[in-house]
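One-letter residues, chain by chain:
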Amino acid sequence: MILDLGLSFDEVLLKIILPLFLTYIISAFVGFERQNVGKAAGLSSHILVALGSAGIAIMQRLMFEQQIALAQAGLNIDPEQQRVIAQVITGIGFVGAGVIIKDQAHVVRGITTAATIWVTAMVGLILGSGYILVGSILGVSMVILILFRDFYRGFNPFKPHHKQEPNGRDIK
């Protein structure tokens, strides 16, 4: 039984396409900025994490709506299925932890990239859960923060920055 084929065009547009589209746009901007700054997690990493999170949230939302319909029909439902999002939050924490490293000078690097991975995943969960206004406001706030921070630091987030080795050669 395919559960989501019964959705109308409006439901597909509002419950699936719009959240995924907004998630893609917001996470693409953040990933593009991280990639242009030369960080390990860039465009594709941020998009994949955010879209995966949005997909899980959309699925959980549709599962919840189906369970409500089953309950209204007098059938027993299993509320355990509604714990999927909690597992996404935990899993994204592990992904972000993999980006954080301590270098030879004992300087911790990757905190901002880990945070951007986490927040793009949360934007995906929020948008995928159907909270388009909340997710959009959070996403736009994140984009504005990144833009102001980068321009304040004196570099353009839309222009790639090359890292150099100590001997002066560009790292590719």
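Residues numbered from 1 in each chain as written. Predicted model: local features only at pLDDT ≥ 70, side-chain atom pairs only at ≥ 80, totals over all residues. Heavy atoms only, no water.

(A) Structural context of the overall build of the protein chain. Helix and strand counts for the protein chain stand at 5 helices and 2 strands. Tracing the protein chain from N to C terminus, the helices and strands come up as α-α-α-β-β-α-α. Along the three orthogonal principal directions, the C-alpha set of the protein chain runs to about 70 × 30 × 25 Å. The buried share among the 172 residues of the protein chain stands at 32%. Carbon and sulfur atoms make up 67% of the accessible area of the protein chain, which totals about 10800 Å². Charge-centre separation for the protein chain: the mean point of 13 positive side chains lies 14 Å from the mean point of 11 negative side chains. (Helix = DSSP H or I, 4+ residues; strand = E, 2+ residues; numbered from the N terminus. Buried < 20%, exposed > 50% of the residue type's maximum accessible area, 1.4 Å probe, protein only. Areas by Shrake-Rupley, 256 points an atom, 1.4 Å probe, with all protein chains shown as cover. Lys, Arg positive; Asp, Glu negative; His and termini not counted. Charge placed at Lys NZ, Arg CZ, Asp CG, Glu CD.)

(B) Geometry of the environment of Gln-60. With respect to the helices and strands, Gln-60 occurs in helix 2 (residues 43–72). You can call Gln-60 buried: its relative accessible area is 7%. Separated by 67 residues in sequence, Gln-60 and Leu-127 place their C-alpha atoms 12 Å apart. Within the local environment of Gln-60, its side chain forms a polar contact with the backbone nitrogen of Val-84, the two atoms lying 3.4 Å apart. (Polar contact = N/O pair within 3.5 Å; in protein donor to acceptor, adjacent residues only side chain to side chain.)

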